[in-house]
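Below are the chains, spelled out letter by letter.
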Amino acid sequence: MNHSQGASINPAVNTTDEVIVSAKGLRVYYGDKEALKGIDFSITKLGVTALIGPSGCGKSTFLRTLNRMNDRIPGFRVTGNLIIEGENPYAKGVDLLELRRKVGMVFQKPNPFPKSIYENIAVGPRAHYGIRGSKLDQVVEEALNAAALWDEVKDDYKRKSGLSLSGGQQQRLCIARMLAVNPDIVLMDEPCSALDPISTGRIEELIVSLSQTKTVVIVTHNLQQAERVSSHTAFFMFGELVEAAPTEELFANPQRDATRDYVSGRFG
Amino acid sequence: MDALTSLGNHNELLTKRDSKRSLWSGVGVAAIGLVTLFVIAIILFLIGTIILRGAPSVNLGFLSQPPLENMTAGGIWPQIRGTLLLIGGTFLIALPIGILGGIFLAEYAGSSRLIGLVRGLITSLAGTPSIIYALFGLAVFVLILKLNISVIAGWLTLATMALPVIVLSTEQALKAVPNSQIEAGYALGMTRWQVMSKVALPQAMPGIITGIILASGRAAGEAPPIIITAGIYFRTEKEMGFLELIRGATESLPLHITEGLR
Ligand SMILES: Nc1ncnc2c1ncn2[C@@H]1O[C@H](COP(=O)(O)OP(=O)(O)O)[C@@H](O)[C@H]1O
Ligand SMILES: [Mg+2]
């Protein structure tokens, strides 16, 4: 099956109207540079929301603002309103570890730890839930299953290093590692951009199946990918949210000129 | 079309330039090869001399017995024991402090001017000649703290000397851990300390161990601080308890060799 040819997997199955992430007038600065210029955007529970737009428009910034991954960048500041599952993640006294347990993240380049496949997945549940022994084994196995990696590694996942896997398998390992702490929201920043078309297809299937039970937000450079996997799409440009709509609508009938130019491939 | 044709006419020039290039690259490779051979020859000569001239004298008795007949015969066991004792204690003190210091500088200290100054001072301490540490140890540990010339004073002095090297190599090794690994840890909801201890430290270990080896070479091999703060040519007591052992001065290899050369 070659997913890069544009066959739609299964979009828009399982969305709800319940808002899980809501941004109002969200501004982000890196020092003097304003990277997000007042974003008003709501993400509904379950399903896949795709963020598209030219490089440097603030997609990653928006994503990383949700789980506070930008906190470590010197000069990072955020203003405006952000509510995730009813709470402001930037409020005083927020439990950062709890936030990151609820909001998991997968990165552009697969980044497994240089440990066994088992250990890669076990660190999260150990740290968060303090589980050990056979209960932990079970969680690891479930996570590998959920990430569609179990069949390929079940024989030697306790010995084999995560780094010895192929790129696509490594990315699925990273997804399994994230799933093992059981997040409600899954952030993915161009998770397939380092992968070949077949691995990409596998991950796309995985994204769609995850979106039955979790809210997935994915940044992608690949417009076909957005069409294939997402139920909603948001188009960013120059740090602003230009247009957000159900994916089919946004691609078939964009309301803004900039969106039309971008989705018809005239720039980007 | 014209441009392409005229490019084709430059073939001759290109060939000339390429042959010049390959000549120079040949010279370069030959030079590197020669230098490499020279270095290997020196190393082989050193190792060869040591083995050929030393091997006949080294046997179990030499390693396990004390010197005899006014140090001209017998073995070097007390010196080996003293050196091991000195290094062991030194690292018991210097390793935890040094590694924690490196973690602090790499992850917690930030980049204020004060920290910049501290980092600069540590760097210059790492390059400070051992005789300075020897005098520092003599003044502070031996005289002011009244530890006398003793194993304890030697530990403290050598630990002071090993510390900057361990701190800096730990810091550098931690900073060399790819950011993607650090982010993976934070994204899983690990605490800062968990990211440090479970993700960064294990990956930085090879670099940290290199630093420890460098530091131990310095601590065990630098004669001045050992001679001045801990050293004695030889001890008369035959059997001692541990406390007695560390409160007094000790034999050591650097001192033994230095004295032997007189
Ligand atoms: N760590 C950073 N420090 C300073 N500026 C940054 C940093 N990360 C991103 N930026 C800037 O913020 C803007 C948005 O970047 P980013 O969110 O990475 O864009 P995208 O993911 O859409 O390509 C860009 O102009 C980029 O240069
Ligand atoms: Mg990006």
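Residues numbered from 1 in each chain as written. Chains lettered and ligands numbered in written order. Predicted model: local features only at pLDDT ≥ 70, side-chain atom pairs only at ≥ 80, totals over all residues. Heavy atoms only, no water.

Draft legend 1. Up close: the interface of chain A and chain B. Across the contact, 19 residues belong to chain A and 17 residues belong to chain B. Counting the surface chain A buries against chain B, the share from its top three residues, A:Arg72, A:Arg100 and A:Phe113, is 33%. Run the count over chain A and chain B and you get one salt bridge. Its salt-bridge partner being A:Arg64, residue B:Glu183 comes within 2.7 Å of it at the nearest N-O pair. Taken together, the links from chain A to chain B amount to six residue pairs in polar contact (both at pLDDT 80 or more). (Contact = heavy atoms within 4.5 Å. Buried area = accessible area lost by both parts, 1.4 Å probe. Salt bridge = Lys/Arg side-chain N within 4 Å of Asp/Glu carboxyl O. Polar contact = N/O pair within 3.5 Å; in protein donor to acceptor, adjacent residues only side chain to side chain.)

Draft legend 2. Representation of the side chain of A:Asn67 within the structure. All names here are of chain A. Position of Asn67 among the secondary structure elements: in the loop between α1 (59-66) and β4 (76-84). The class for Asn67 is buried, based on a relative accessible area of 0%. Discounting residues that sit within four places of it in the chain, Asn67 has contacts with Leu99, Arg100, Val103, Met105 and Leu187. (Helix = DSSP H or I, 4+ residues; strand = E, 2+ residues; numbered from the N terminus. Buried < 20%, exposed > 50% of the residue type's maximum accessible area, 1.4 Å probe, protein only.)

Draft legend 3. Region of the structure containing the packing of helix α5 (residues 113-126) of chain B against helix α7 (residues 151-175) of chain B. Residue and element names in this part refer to chain B. Their axes nearest at 8 Å, the elements α5 and α7 cross at an angle of 120°. In this view, α5 runs oblique relative to α7, as classed from their interaxial angle. For the crossing formed where α5 meets α7, the hand is left-handed. Residue-level contacts link Arg119, Ile122, Thr123, Leu125 and Ala126 of α5 to Pro164, Val165, Val167, Leu168, Glu171 and Lys175 of α7. Partitioning the contact of α5 with α7 into residue classes produces seven nonpolar, one polar and three charged. (Axes fitted to C-alpha atoms, helices over the stretch in contact; angles between N-to-C directions. Parallel < 35°, antiparallel > 145°, perpendicular 65-115°, else oblique. Left-handed = near helix turned anticlockwise from the far one by under 90°. Nonpolar A, V, L, I, M, F, W, Y, C, P; charged D, E, K, R; others polar.)

Draft legend 4. The side chain of A:Lys214, seen in detail. All names here are of chain A. Its place among the elements puts Lys214 in the loop between α7 (197-210) and β7 (215-219). No salt bridge forms around the buried Lys214; measuring N to O, its nearest opposite-charge neighbour Asp184 is 5.6 Å away. One polar contact links Lys214 to Asn182, side chain to side chain, over a distance of 3.1 Å. Of the polar contacts made by the side chain of Lys214, one reaches the backbone oxygen of Pro183; its length is 2.7 Å. (Lys, Arg positive; Asp, Glu negative; His and termini not counted.)

Draft legend 5. Here's a closer look at helix α9 (residues 192-221) of chain B. Look at α9(B): only 37 Å from first C-alpha to last across 30 residues, short of the 44 Å you get at 1.5 Å a residue. Within α9(B), the axis deviates most sharply at B:Met205, by approximately 55°, and proline B:Pro206 lies no more than four positions further along. (Expected span 1.5 Å × (residues − 1). Bend = angle between axes of the 7 residues up to and from the residue.)

Draft legend 6. Representation of the pairing of strand β3 (residues 48-52) of chain A within the structure. Residues and elements named next belong to chain A. Summarising burial for β3: five of the five residues are buried, a large majority. The side-chain alternation of β3 yields two buried faces, one formed by Val48, Ala50 and Ile52 and the other by Thr49 and Leu51. Relative to strand β8 (residues 232-237), β3 runs parallel, the two being bridged by four bridges. Looking at β8, one finds that Ile52 is bridged to Phe235. (Pairing = 2+ DSSP bridges.)

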